[in-house]
Amino acid sequence: MKLVIAIVQDQDAGFLVEELTKKNFRVTRLTTSGGFLKAGNTTLLMGVEEEDLAPLLDIIEENCKSREVSTHINPMNMPGESFIPYPITVKVGGATVFVLDVADYKRF
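Residues numbered from 1 in each chain as written. Predicted model: local features only at pLDDT ≥ 70, side-chain atom pairs only at ≥ 80, totals over all residues. Heavy atoms only, no water.

**Some thoughts on the environment of Arg 26**
Moving on, step 1. If you trace the backbone, Arg 26 turns up in the loop between α1 (10–22) and β2 (28–33).
Moving on, step 2. Given the relative accessible area of 53%, Arg 26 is considered exposed.
Moving on, step 3. When the C-alpha atoms of Arg 26 and Leu 45 are compared, they prove to be 8.6 Å apart, with 19 residues separating the residues in sequence.
Moving on, step 4. Apart from residues no more than four positions distant in its own chain, Arg 26 is found in contact with Leu 45, Met 46 and Arg 107. (Helix = DSSP H or I, 4+ residues; strand = E, 2+ residues; numbered from the N terminus. Buried < 20%, exposed > 50% of the residue type's maximum accessible area, 1.4 Å probe, protein only. Contact = heavy atoms within 4.5 Å.)

**A few points about the sheet that holds strand β1 (residues 2–9)**
Moving on, step 1. Pairing in this open sheet of four strands is antiparallel, and the strands run β2-β3-β1-β6 from one edge to the other. Of all strands in the sheet, those bounded by a partner on one side alone are β2 and β6 (95–101). Averaged over all adjacent pairs, the angle separating strand axes in this sheet is 20°, with direction ignored.
Moving on, step 2. As paired elements, β1 and strand β3 (residues 40–48) share eight bridges and run antiparallel to each other. Bridging across to β3, Ala 6 finds its partner in Leu 44.
Moving on, step 3. Each of β1, β2 and β3 touches α1; the most contacted strand, β3, lies at about 25° to it.
Moving on, step 4. Packed on one face of the sheet, helix α2 (residues 53–63) meets β1, β3 and β6 and runs near 5° to β1. (Pairing = 2+ DSSP bridges. Axes fitted to C-alpha atoms, helices over the stretch in contact; angles between N-to-C directions.)

Right, here's the structure in full:
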């Protein structure tokens, strides 16, 4: 058995969870936030058998696409100095997926 932890953007999470449940995958959805952009994202927890791992990863890949967004970066400044935030474009989205071996599994 494997534990799959997928971190996805909020805007991808709804469609992804819908597709996963249609294919009979059990999923737990957690609301989380990222450190870099300080934007909301969703962390999904799924327990799957080894033979179901590839189809699960395919569903995640199909439903979580990367995109570019504009944001502002505040440069570091010394006390007394003024600063002007400047815009940058960063690539966000897709999915960050961790696959872990499960030593023991119980369902009550």
